[in-house]
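# Residue-level structure breakdown
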Amino acid sequence: MPVRLTLLLAGSTALWIVLSFLTFRAWIDGADHRDFFPRWAGARHLLFEDGELYSDEATLDIQMELYGGPVPPDRDQQAFG
């Protein structure tokens, strides 16, 4: 492999790694992921539990996963408020 191509490949790889790390630190690490987590908990319940997402038992299981306990009906269920 020519030296110039090797340097270009190494430089591109290094730039990609640095940009990936900076993007992770700026937008992902430590961010509030509550917008994705309910979907993850629901999909996990659907795949690994009884498959019913809209029962009271499923709602309680997902709330236990998300918040560590049941959420009162008068509180915002997604905690966006």
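These numbers were taken from a predicted model, which means no experiment stands behind them. (Residues numbered from 1 in each chain as written. Predicted model: local features only at pLDDT ≥ 70, side-chain atom pairs only at ≥ 80, totals over all residues. Heavy atoms only, no water.)

Right, let's get into the overall build of the protein chain. The helix and strand inventory of the protein chain stands at 3 helices and 0 strands. Reading the helices (α) and strands (β) of the protein chain from amino to carboxyl end gives α-α-α. By the burial criterion, 14% of the 81 residues in the protein chain qualify as buried. Expressed as a percentage of contacts within the protein chain between residues at least 6 apart in sequence, the contacts between residues at least 24 apart total 29%. Carbon and sulfur atoms make up 65% of the accessible area of the protein chain, which totals about 6,800 Å². (Helix = DSSP H or I, 4+ residues; strand = E, 2+ residues; numbered from the N terminus. Buried < 20%, exposed > 50% of the residue type's maximum accessible area, 1.4 Å probe, protein only. Contact = heavy atoms within 4.5 Å. Areas by Shrake-Rupley, 256 points an atom, 1.4 Å probe, with all protein chains shown as cover.)

The next subject is a nonpolar patch on the surface. Together, L15, V18, L19, F21 and L22 make up a nonpolar patch on the protein surface, roughly 500 Å² of accessible area in all. As for its placement among the helices and strands, V18 is situated in helix α1 (residues 3-28). For V18, a relative accessible area of 44% gives the class partly exposed. (Patch = residues over 30% accessible without salt bridge, like charges linked within 9 Å, V, L, I, M, F, W, Y side chains within 5 Å. Salt bridge = Lys/Arg side-chain N within 4 Å of Asp/Glu carboxyl O.)

Taken together, E49, D50, E52, E57 and D61 make up a surface patch of like negative charges. Its location among the elements puts E57 in helix α3 (residues 56-67). (Lys, Arg positive; Asp, Glu negative; His and termini not counted. Charge placed at Lys NZ, Arg CZ, Asp CG, Glu CD.)

Moving on, we come to the side chain of H45. Topologically, H45 is positioned in helix α2 (residues 37-48). Its relative accessible area of 5% is what places H45 among the buried residues.

Right, let's get into the pattern of salt bridges. Pairing is possible between side chains of opposite charge, provided their charged atoms come close. Summed over the entire model, instances satisfying the criterion amount to 1 salt bridge. As a salt-bridge pair, E65 and R44 come within 3.2 Å of each other at their nearest N and O atoms. On the criterion of sequence distance, the pair formed by E65 in helix α3 and R44 in helix α2 is long-range, its members being 21 residues apart.

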